Amino acid sequence: MKKILKYVIADIIQNKIVIIYTLLLLTISFSVFSLESSAAKGMASLLNLVLLIVPLICIIFSTIYIYNSAEFIELLVSQPLKRKTLWLSLFGGLASSLSIAFLIGVGVPVLIYHADLTGLVLVLSGLFLTIVFVSIALWAAGMTRDKAKGIGWAIALWLFFALIFDAIVLFLLFQFQDYPLENAMVVMSFLNPIDLSRIQILLQMDISALMGYTGAVFQEFFGSLNGIVISFAGLILWIFIPLFFSLRRFAKKDL
Amino acid sequence: MIELKNISKKFGKLTVLNSVSTRFEEGECIALLGPNGCGKTTMIKTILGMVVPDSGSIIFEGREVNKDWRYREDIGYMPQIGRYPENMTISHLIQMMKDIRKDESVIPDEELIRSFGLNEIIHKKMRTLSGGTTQKVSAALAFMFHPKVLILDEPTAGLDPIASLKLKEKIIKEKEKGKLILITSHILSELDDLVTKIVYMNDGRFLFEKPIEDLKEETGEEKLSRAIARIMQSRLTQFTQPQIQLA
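Anyway, here's the lowdown on the structure attached to this text. (Residues numbered from 1 in each chain as written. Chains lettered and ligands numbered in written order. Predicted model: local features only at pLDDT ≥ 70, side-chain atom pairs only at ≥ 80, totals over all residues. Heavy atoms only, no water.)

### Some words on the pairing of strand β2 (residues 14-24) of chain B
Residues and elements named next belong to chain B. Operational definition: By definition, two strands form a pair when at least two bridges between them are found by DSSP. Numbering goes from the N terminus for both helices and strands, where a helix is a DSSP run of H or I of at least four residues and a strand is a run of E of at least two.
In this sheet, β2 lies alongside strand β1 (residues 2-11) in antiparallel orientation, the contact comprising seven bridges. Bridging from a neighbouring strand, F11 pairs with L14 of β2. The antiparallel pairing of β1 with β2 creates a hairpin that spans two residues between the two strands, and G12 there sits at a positive phi of about 65 degrees.

### Quick look at the interface of chain A and chain B
Convention followed: Whether two residues are in contact is decided by their heavy atoms, any of which lying within 4.5 Å being enough. Throughout, buried area stands for the accessible area (probe radius 1.4 Å) lost by two parts on being put together, summed over both. Any carboxyl oxygen of Asp or Glu that lies within 4 Å of a side-chain nitrogen of Lys or Arg is treated as forming a salt bridge with it.
Contact with chain A, which involves 23 residues of that partner, is made by 25 residues of chain B. Contact between chain A and chain B buries roughly 2,300 Å² in total, counting both sides, with carbon and sulfur atoms accounting for 58%. When the area that chain A buries against chain B is broken down by residue, the three leading residues are Y7(A), E71(A) and P80(A), summing to 26%. Taken together, the links from chain A to chain B amount to four salt bridges. A salt bridge links K9(B) to D254(A); its shortest N-O distance comes to 2.8 Å.

### Some details on the sheet that holds β1(B)
Residues and elements named next belong to chain B. Selection criterion: Note on method: axes are straight lines fitted to C-alpha atoms, helices fitted across the in-contact stretch only, with angles between N-to-C directions ranging 0 to 180 degrees.
Strands sit in the order β2-β1-β4-β5 across an open sheet of four strands; the sheet is antiparallel. Every other strand in the sheet has two partners, leaving β2 and β5 (63-64) as the edge strands with one partner each. Pairing analysis gives two bridges linking strand β4 (residues 55-60) to β5, with the strands arranged antiparallel. Of the residues in β5, the one forming a bridge with F60 is R63. Contacting β1, β2 and β4, helix α1 (residues 40-48) crosses the sheet at an angle of about 60 degrees to β2.

### Side note on the packing of helix α4 (residues 70-77) of chain A against helix α2 (residues 90-101) of chain B
To keep things clear, this is the line we draw: Relative orientations are named as follows: roughly parallel for angles under 35 degrees, roughly antiparallel for angles over 145 degrees, roughly perpendicular for angles from 65 to 115 degrees, and oblique for any other angle. Should the near helix be turned anticlockwise from the far one by less than a right angle, the crossing is termed left-handed; should it be turned clockwise, right-handed. Residue classes follow a fixed rule: Ala, Val, Leu, Ile, Met, Phe, Trp, Tyr, Cys and Pro count as nonpolar, while Asp, Glu, Lys and Arg count as charged, and any other residue, Gly among them, counts as polar.
Following both chains from N to C, one finds α4(A) and α2(B) inclined at 40 degrees, their axes separated by 12 Å at the closest point. With respect to α2(B), the axis of α4(A) lies oblique. Considering only the axes of α4(A) and α2(B), their crossing is right-handed. Counted together, F72(A), L75(A) and L76(A) of α4(A) and L93(B), M96(B), M97(B) and I100(B) of α2(B) form the full contact between these two elements. The residue makeup of the contact of α4(A) with α2(B), split by class, is seven nonpolar, no polar and no charged.

### Some thoughts on the packing of aromatic side chains
To keep things clear, this is the line we draw: Each Phe, Tyr or Trp ring, with Trp reduced to its six-membered ring, pairs with another whose centre is within 6.5 Å; inter-plane angles below 30 degrees give stacked pairs, above 60 give edge-to-face pairs, and intermediate values give tilted ones. A 1.4 Å probe rolled over the protein chains alone gives each residue an accessible area, and that area as a share of the maximum for its type sets the label: buried under 20%, exposed over 50%, partly exposed in between.
Counted under the stated rule, the structure contains 13 aromatic pairs over all chains. A ring pair is formed by F176(A) and Y179(A), whose centres lie 6.2 Å apart and whose planes are at 55 degrees; its orientation type is tilted. On the accessibility criterion, F176(A) (39% relative accessible area) is partly exposed. In this structure Y179(A) comes out as exposed when scored by relative accessible area, which is 55%. Consider the rings of Y200(B) and F208(B), whose centres lie 5.7 Å apart with planes at 15 degrees: the pair is stacked. For F208(B), a relative accessible area of 5% corresponds to the buried category.

Listed below in structure tokens is the structure:
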């Protein structure tokens, strides 16, 4: 496991995209903090970066990386290695290198300008989202052998979680506004890792004006430590469930 | 040593392997023959665990392979078209393969690396290599860890005459050490002094499995290519005659 992981990480670093991604995050974070009048406003702007750009780049980069590693995978499957080890190494390599990029690119500026609980929750959520979307990418890449289709799936999944899901939630709320939907909304938000992260960060920030509707409802239920624990548990599930399905598919894949 | 029991595999609607059963023993050198697309490569890949069969089981030295992946330590595989990570150099690739095998007490067999002259281009990236050179790398890797079983899929396709002679000499050397060698090729003339047993496949089935002496005796031919041609002809008449009688 460790050996393969080493080769995967070396390969990802050689590929330079992760380094560009780190620099991009650093530039955006620093400029946001120095442009806004207060660090709190800077945090609000960073929120969108963490909730939209980070998942997008993670899912697309990981999907492309899996397709480009086809030769590597084919070579190693015929070697004395467990398929599970190989797949988990790919996951580990992607997750760790993208997480490090995020920690440097967003973690460091937040630590400098806004080192409190809110900052911690923002960085932690971003970190979870990074790993969740690597996991989703591995699952998406297993769906088809065609690279273009696979990347299409990845983008569609991102669109779904970033935009379409909230649209559906709003639609349902307006359609069923005569009914008490609070409990249903709590359940719904667990179906979207981006929403889960958004709720956590916004609960910390205390700026309800920026909240999506899901968030507003969520606050009634989880204004406390319980809320944080339960929603992070939800994010952990979001890492393991797609990973489990992709692992199961890879175990049976013909190469 | 390797036993296949009722292996079947479908790709979509196409049946590639149709309930194949056989045994391969140590010291044999088996030629796997058959037209394009008859399932040779798929069969090899199922033995290696690269293709997962729909049904049936593969037993390697008494252990079922789908439960234990370690058997692959004893197999050297040379693919028909070797695909390697493009950005790796030859030396990186070799280093990685050594790393995977863990067992440092075994001194790797680098004879082919030297005789193919790969050590002179060891820092070239895999992307920049020609098809033939890539084949040389595949061959060198297959023999590197003294495997008990060698599986060679079209080993000489794409190699120049000198390289393919060197490879053939190496195969003979390994065969004399009592290893099981499984080889597919369309160039029958080059199998003549290698092979001990012929397996002929068609449409995912074994048409026949025979030791080469029996084959030559039955057909009265000395050359393998002629013997195969003869047997195919007689098969055809065997299959068609009863139909004529019925008509």
